[in-house]
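Chain residues, written in single-letter form:
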Amino acid sequence: MTITELMKCHEIQLLESYVVNGEVIIEVLLGLKKTQDTGEMRWLPTHTSPSHTEQVTTACRQRKNVRKSLKSGELRCVPIELSETETNCLMIVADSFTAEQTLMLDALVQIYVNYNILIQQSEKDKLTGLLNRSSLERRYNSLVEKQMQMQRELQATNEKRNLSQQDSTWLALIDIDHFKKINDTFGHLCGDEVLLRLSQYMKGMFRKSDLLFRYGGEEFLIILEPISKSAAVQKLEAFRKFVGHADFPLIEKITISIGFTSISSNEYYQNAIERADKALYYAKENGRNAVYSYEDLKEKGAIYTTDIDAGDVDLF
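Analysis parameters
Residues numbered from 1 in each chain as written. Predicted model: local features only at pLDDT ≥ 70, side-chain atom pairs only at ≥ 80, totals over all residues. Heavy atoms only, no water. Helix = DSSP H or I, 4+ residues; strand = E, 2+ residues; numbered from the N terminus. Buried < 20%, exposed > 50% of the residue type's maximum accessible area, 1.4 Å probe, protein only. Pairing = 2+ DSSP bridges. Axes fitted to C-alpha atoms, helices over the stretch in contact; angles between N-to-C directions. Contact = heavy atoms within 4.5 Å. Salt bridge = Lys/Arg side-chain N within 4 Å of Asp/Glu carboxyl O.

Caption draft 1: Broad picture of unusual backbone geometry. At Leu 250, a residue that is not glycine, the phi angle is positive and equals roughly 65°. Checked against the element boundaries, Leu 250 lands in the loop between helix H7 (229–245) and strand E10 (256–263). Although it is not a glycine, Arg 288 sits at a positive phi angle of roughly 60°. Along the chain, Arg 288 turns up in the loop between helix H8 (269–285) and strand E11 (291–293). We classify Arg 288 as partly exposed; its relative accessible area is 30%.

And the structure:
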């Protein structure tokens, strides 16, 4: 918003780039674009496709500014180096860029970098770059509410897909099968490489609106965007199968077990994690390398539950 006020922008996008299997993946974090009817800058809807992908990819790969003349003005892609492996990009289409505007743009980018360093230190896992457990505990309700707001926006604009009343937000726990054996046999350095590689696969397989956490040790947690149960199963099964066929250093192949459950924005996050953990435990005790829903297991009587209504608990 500040940049649009400083210069006559036609379009602006903040993008994230990361590498999966040697391929650069570009996703839009947020953006604004001028409308043709009123000429006002409007926020882009969720899951917008990147604009000028070729120039953005070049800027991220080479970590240098990219410029191009367009019929509507000038395109500029400014790489934002957050770490040795993580580069964001600011893509701007404007009438022109004066020397003063360029200096101001560089200053704003540096502020953004400094702010992200603070976030990395407080909310990101150092090894994988995923959100850490403490950030989940602090921001669970706001994160889930943000996802549900995305659902309402999609429903209002009818973007991408039709949402139904059956769509829910889902919490999934993922555990690497026999991870202790990997550490004992090949060493902790190899174990860390497996964790890092798995986190990269997660970033490549799931949407930006799916929140990814390293929950602890070899355990990962995902909060899936509001989708149907069948779509959630499809996503998680696809990831399980992908990991089963993916290459890992030294050990070559690993498998994962997944337990998941439906969640709401007003429940205590530990309740949701406990349900997902019961489904995960069932998977680990019944052959591993599988995906199980807590609700399905409960309906079948396959797991013991001790659900307590929130109204029955006194908080001091």
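Caption draft 2: Structural context of the sheet that holds E10. Across the sheet, which stays open at both edges, the five strands sit in the order E8-E9-E7-E10-E11 with mixed pairing between neighbours. With one partner strand each, in any of the chains shown, strand E8 (211–216) and E11 form the two edges of the open sheet. Neighbour to neighbour, the strand axes of the sheet diverge by 25° on average, direction disregarded. Across five bridges, the pairing between E8 and strand E9 (residues 219–227) is antiparallel. Within E9, the position partnered with Arg 214 by the bridge is Phe 220. Lying over the sheet, H8 contacts strand E7 (168–176), E8, E9, E10 and E11, oriented at roughly 145° with respect to E10.

Caption draft 3: Geometry of the pattern of salt bridges. Counted by the stated rule, this structure contains 15 salt bridges. With a closest N to O distance of 2.8 Å, Asp 184 and Lys 180 form a salt bridge. In this pair, Asp 184 and Lys 180 are both assigned in helix H5 (residues 179–186), four residues apart and thus about one turn of the helix distant. Under the relative-accessibility criterion, Asp 184 is labelled exposed at 56%. Close ionic contact of Lys 278 with Glu 274 constitutes a salt bridge, the shortest N to O distance being 4.0 Å. In this pair, Lys 278 and Glu 274 are both assigned in helix H8, four residues apart and thus about one turn of the helix distant.

Caption draft 4: Seen up close, the environment of Arg 197. Turning to its location among the elements, Arg 197 is positioned in helix H6 (residues 188–205). Judged by relative accessible area, Arg 197 falls into the partly exposed class, the value being 24%. Taking the C-alpha atoms as reference points, Arg 197 and Ala 246, separated by 49 residues in sequence, lie 9.6 Å from one another.

Caption draft 5: Geometry of the pairing of E9. The element E9 is extensively covered by neighbouring structure, given that nine of its nine residues are classed as buried. Across seven bridges, the pairing between E7 and E9 is antiparallel. Looking at the pairing, Leu 171 lines up with Ile 223 of E9. Connecting the antiparallel pair E8 and E9 is a turn made up of two residues, with Gly 217 showing a positive phi of about 55°.

Caption draft 6: Broad picture of helix H2 (residues 53–62). Among all positions of H2, only Gln 55, Val 56, Thr 57, Ala 59 and Cys 60 are buried. Arg 63 sits one or two positions beyond H2 and adopts a positive phi of about 55°.

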